[in-house]
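Given next are the chains, with one letter for each unit.
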Amino acid sequence: MLERLWYGKSGWRWALAPLALLFALVSGGRRFAYWRGWFSTYRASLPVIVVGNISVGGNGKTPVVVWLVEQLQARGWRPGVVSRGYGGKAPHYPYRLDATSTTAQAGDEPVLIARRCGCPVVVAPRRADAVRLLEQSGEVDIVITDDGLQHYALARDIELVVVDGARRFGNGCLLPMGPLREPMTRLKRVDAIICNGGTPAQGEYPMALVAAAPRRVCDDAPLEAPLTGPVDALAGIGHPPRFFATLTGLGYELAERVGYADHQAFDRDELLARFGQRPLLMTEKDAVKCRAFAPPHWWYLPVSAELPAALLDTLLQRLTPLQAPGPDHAH
């Protein structure tokens with residue numbers, strides 16, 4: 001129902017105006033307190049890049065984090081990633097992921113990033129604790145936070161905001177009247193705005209998600225022959241219709257499309273009963289939650305962010321004064 005209020009033209013949203021005003025006072029007061037130094041902020045010894053958004057829901061942050069890690073690695077940097085670990089309950093915090101870490105422990109996105117990038121990934125509700133662990137390890141020379149634009153307890157050097165190019169900012173109102181965590185004026189203070197799909201506004205960097213060939217969920221084996229006939233699709237992400245549109249754009253005939261809540265913990269028996277016959281396609285984020293019980297006819301679609309070289313050039317220029325690059329940094 002909130003989705004219809006936020007992204008439709010319903011006048012019922014005005015009933016939530018008092019709550020939105022209260023949210024604005026609380027969140028705005030908190031930002032002001034950090035800005036004035038009344039609340040303490042942790043300043044890391046390493047450069048920190050935040051990839052976040054000002055609206056709720058999936059905007060495509062994780063593909064940007066993966067892109068950023070891969071681009072920095074290719075230029076000699078040693079990035080580490082920190083995350084809140086939403087949806088997971090680790091045995092302790094801060095918790096560094098390893099090859100055996102599950103989504104139940106660390107959350108789906110951190111597991112995806114660790115598997116995809118092979119870089120150190122640490123989760124903690126207090127991101128500063130995760131950053132400290134990476135600093136102490138000596139393995140990284142730059143930190144990227146997956147989400148956390150509003151986590152002002154951690155100082156940052158560069159802020160990147162990802163915008164859903166199709167839904168944009170909905171009705172432009174703050175929670176719960178609209179989808180915004182912060183007012184749109186916040187965008188004036190970030191270093192770059194990335195528009196995922198749709199038409200970028202002036203000054204925004206366009207982003208496209210490029211799909212690779214499907215891989216089998218249970219063992220990552222690549223699909224050897226194209227899937228023919230109807231297939232089923234599931235997506236437990238912030239905006240499932242985006243994934244379904246991607247599949248239809250690739251020519252798949254979707255017999256059933258099922259959207260789940262973002263970060264939802266799947267019920268093994270329910271999924272096996274529901275998707276037992278036709279081939280099933282899902283997102284890579286869903287696949288990390290289904291790997292342990294997926295039958296061989298379940299596949300996931302790896303996607304990579306495609307971003308302009310101008311964005312990378314801008315980021316590298318801003319990083320140069322933050323840390324003297326080592327001899328293996330090819331800036």
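Residues numbered from 1 in each chain as written. Predicted model: local features only at pLDDT ≥ 70, side-chain atom pairs only at ≥ 80, totals over all residues. Heavy atoms only, no water.

An unreviewed UniProt entry annotates the protein chain as Tetraacyldisaccharide 4'-kinase originating from Aeromonas media. Recorded in UniProt under Catalytic activity (unreviewed entry), the annotation for the protein chain is "a lipid A disaccharide + ATP = a lipid IVA + ADP + H(+)". The Function (unreviewed entry) comment attached to the protein chain in UniProt states, word for word, "Transfers the gamma-phosphate of ATP to the 4'-position of a tetraacyldisaccharide 1-phosphate intermediate (termed DS-1-P) to form tetraacyldisaccharide 1,4'-bis-phosphate (lipid IVA)." (UniProt positions renumbered as here; feature names shortened; annotations may be inferred.)

**Student:** Hey, could you go over the overall build of the protein chain for me, with residue numbers and the actual values?
**Tutor:** Counting its secondary structure elements, the protein chain contains 10 helices and 14 strands. Evaluated residue by residue, the protein chain yields a buried proportion of 51% over its 331 residues. Within the protein chain, counting contacts between residues at least 6 apart in sequence, those at least 24 apart form 73% of the total. Total accessible area on the protein chain stands at roughly 15,400 Å², and carbon and sulfur atoms take up 56% of it. Positive and negative side-chain charges in the protein chain, numbering 36 and 32 respectively, have mean positions lying 7 Å apart. (Helix = DSSP H or I, 4+ residues; strand = E, 2+ residues; numbered from the N terminus. Buried < 20%, exposed > 50% of the residue type's maximum accessible area, 1.4 Å probe, protein only. Contact = heavy atoms within 4.5 Å. Areas by Shrake-Rupley, 256 points an atom, 1.4 Å probe, with all protein chains shown as cover. Lys, Arg positive; Asp, Glu negative; His and termini not counted. Charge placed at Lys NZ, Arg CZ, Asp CG, Glu CD.)

**Student:** Please set out the sheet that holds strand β1 (residues 48-52) residue by residue, giving values where relevant.
**Tutor:** The strand order across the open sheet formed by 9 strands is β3-β4-β2-β5-β1-β6-β7-β8-β14, and the pairing between neighbours is mixed. Strand pairing shows two members of the sheet lacking a second neighbour, β3 (95-96) and β14 (303-306), which therefore form its edges. Note that β3 and strand β4 (residues 121-123) share 2 bridges and pair antiparallel. What sits directly across from R96, in β4, is V122. (Pairing = 2+ DSSP bridges.)

**Student:** Give me the packing of aromatic side chains: which residues, what numbers.
**Tutor:** Summed over the entire model, instances satisfying the criterion amount to 7 aromatic pairs. When the centroid spacing of 5.2 Å and the interplanar angle of 70° are considered together, the rings of Y260 and F266 count as edge-to-face. Residue class for Y260 comes out buried when judged on its relative accessible area of 10%. Here F293 and W298 contribute two aromatic rings whose centre-to-centre distance is 6.2 Å and whose plane-to-plane angle is 85°, an arrangement assigned as edge-to-face. Both residues of the pair, F293 and W298, count as buried. Feature note: the residues F32, W35 and W38 constitute an aromatic cluster, connected by ring pairs. Above the ring of Y42, the side-chain terminus of R132 is found at 4.2 Å from the ring centroid. The side chain of K289 reaches across the aromatic face of F266, ending 4.4 Å from its centre. (Phe/Tyr/Trp six-rings, centres within 6.5 Å; stacked < 30°, edge-to-face > 60°. Lys NZ or Arg CZ within 6 Å of the ring centre and 35° of its normal.)

**Student:** Give a detailed account of the UniProt feature "binding site: ATP" (unreviewed entry) in the protein chain, specifying residues and quantitative values.
**Tutor:** The UniProt record marks S55, V56, G57, G58, N59, G60, K61 and T62 with the feature "binding site: ATP" (unreviewed entry), using the residue numbering of this structure. With respect to the helices, strands and loops of the structure, V56 is situated in the loop between β1 and α3 (61-74). When sequence neighbours within four positions are dropped, the list of residues in contact with V56 reads W6, Y7, L175, P179 and R181. Turning to its location among the elements, G58 is positioned in the loop between β1 and α3. When near neighbours in sequence (up to four residues on either side) are disregarded, G58 contacts D164, R167, G238, H239, R242 and D262.

**Student:** Can you lay out the packing of α3 against helix α10 (residues 309-319) for me, pointing to particular residues and giving the numbers?
**Tutor:** Running from N to C, α3 and α10 point in directions that differ by 65°, and their axes come no closer than 12 Å. Crossing of α3 over α10 shows right-handed handedness. When α3 is examined against α10, the residues W67, L68, Q71 and L72 are found in contact with a partner set consisting of L311, L312, L315, L316 and L319. Considering only residue class, the contact of α3 with α10 consists of 8 nonpolar, 1 polar and no charged. (Axes fitted to C-alpha atoms, helices over the stretch in contact; angles between N-to-C directions. Left-handed = near helix turned anticlockwise from the far one by under 90°. Nonpolar A, V, L, I, M, F, W, Y, C, P; charged D, E, K, R; others polar.)

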